[in-house]
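# Geometric and topological summary
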Amino acid sequence: MIKFQLKKENPNIEILESLYIDLEELTDELRFSYQHLSKSVSNPRALTGINDTGEWVMSCCPMHAESRASFGISKEPPYHCNCFFCGYLGTIDALIENALDLDDGEGIKVLLSSYIIEEKQRTFDMVDFIENRRNKFMIPHLKESSLDAMKLSRSHDELLYQSGMNYMRSRGFDDRTLETYEICVDTATETLVFPQRTRTGQLRFVQKRKIGNSYHGAKFINEGSAIKKDIVFGLHFINKLRTTEHRIRRIRIVESPIDCMSNYQVGIPAVSINGRILFKNQVRELQLAGIEEVDLMLDNDKAGTKGMEDAAILLDRAGLIVNRVRYPSFPAPKDSNELLKASLLDKLETYNVNLIGSLFT
Ligand SMILES: [Zn+2]
């Protein structure tokens, strides 16, 4: 039998003790990430079979192959983990690192970015915690100087720069929009750069899109922190206005930065969730930015529709007013950017869906 040792001192104990973690949800999320690792082949049932014994949330152990749930996470902070079969012992942050093959110190970041659900004590100041510990101290960011270097790389290849920017103009964008969202070309990697910032404006990562079609490998590359579940593209502009007379309470939620920028260009406040799934942490960021009402406008396809149904439930539960934007039926445009190019983006109707959401609660 393998022996595991508890780390002597866990510098994160204090943080863990202050967190409320929904362990069943956490286990599900870990399961989701785990199943994409090659080692899941030899332990296919890891983190399945969740059951709550009152004291422990049990599931199949991610550290040894089994089909009956022997692995427990204590429901009391700091959430010790214990496999009653193989003897694995450790805190939840270390478990995340071991199960997902992450480096030391990454586990706590995953927790802080994804699983804070509610404050444990009344005296716990969530806003202060998020501002001062999570964003500035805990989650790694990308240095502004690295984005500056990408912007300056134009001088190495003006032709490539122009071809990248012309592509963006062909998508209907004017220079003001491109400047506002800091779109630039990184000539070193031959990519268009979309900076992704936190609600408070810190640079978390950049999304890079290969220019042209003659590239090898992935069309999109991310550079910077892998923690993204709290990132809402464009939200830092809205957050800045929160305490001013121009506060924005209602926004459109779209899928991609390009869709967000399309709406901006026609004067409609919008943010992008960088995909079809709205995460709880993103909902929290919207609330912290002062948003009270949203118009859902994910892509006009099956996945987008499902994403909007799921998002409506989350937003409704969080107390926001939820509407959906009605796409024109003919010709059927697939997203905000197509509507921008057809000059229809600012001419759409919305309808309220809070009633639909409440059917599920
Ligand atoms: Zn085990």
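Provided above is the structure to which this section pertains.
All residue numbers refer to position in the chain's written sequence, counted from 1. Given that this is a predicted model, residues contribute local features only at a pLDDT of at least 70 and side-chain atom pairs are listed and counted only at 80 or more, while totals for whole chains, interfaces and linings are drawn from all residues. Excluded from the side-chain calculations are hydrogens and water; all other atoms, namely the structure's heavy atoms, are used.

### Description of the environment of Val185
What counts is decided by this rule: Strands are runs of DSSP state E lasting at least two residues, helices are runs of H or I lasting at least four, and both sets are numbered from the N terminus onward. For the exposure calls, accessible area comes from a 1.4 Å probe over protein chains only, and a residue counts as buried if that area is under 20% of its type's maximum, exposed if over 50%, partly exposed in between. Here, two residues are considered to be in contact whenever any of their heavy atoms come within 4.5 Å of each other.
Inspection of the secondary structure assignment puts Val185 in strand 6 (residues 184-186). For Val185, a relative accessible area of 0% gives the class buried. Sequence separation between Val185 and Met150 is 35 residues, and the spatial gap between their C-alpha atoms is 6.7 Å. Those residues in contact with Val185, other than ones at most four positions away along the chain, are Met150, Ser153, Leu160, Tyr161, Gly164, Met165, Thr191, Leu192, Val193 and Ile211.

### Points about the sheet that holds strand 2 (residues 56-59)
For the record, the criterion: We call two strands paired when DSSP finds no fewer than two bridges between them.
One open sheet accounts for five strands, arranged 1-2-3-4-5; its pairing is antiparallel. Here the strands that pair on one side only, and so sit at the sheet edges, are strand 1 (51-52) and strand 5 (89-91). As paired elements, strand 4 (residues 80-83) and strand 5 share three bridges and run antiparallel to each other. Paired with Cys81 across the bridge in strand 5 is Gly90.

### With respect to the nonpolar core
Just so we agree on the cut-off: We define a nonpolar core as any set of buried Ala, Val, Leu, Ile, Met, Phe, Trp, Tyr and Cys residues linked to one another through side-chain atoms lying within 4.5 Å.
Ranked by size, the top nonpolar core spans 29 residues in total, and within it Leu26, Phe71, Tyr88, Ile92, Ile96 and Leu111 carry the most contacts. At the level of elements, helix 1 (13-17), helix 2 (23-34), strand 3 (71-74), strand 4, helix 3 (92-100) and helix 4 (106-114) are the ones that each hand at least two residues to this core. No other element matches the six residues that helix 3 contributes to this core. In this view, Phe71 contacts Val57, Met58, Ser59, Cys60, Cys61, Pro62, Glu66, Cys81, Asn82, Cys83, Tyr88 and Leu95; residues no more than four positions away in its chain are not counted. Counting 24 residues, the second largest nonpolar core, distinct from the first, contains Leu178, Leu192, Ile211 and Cys260.

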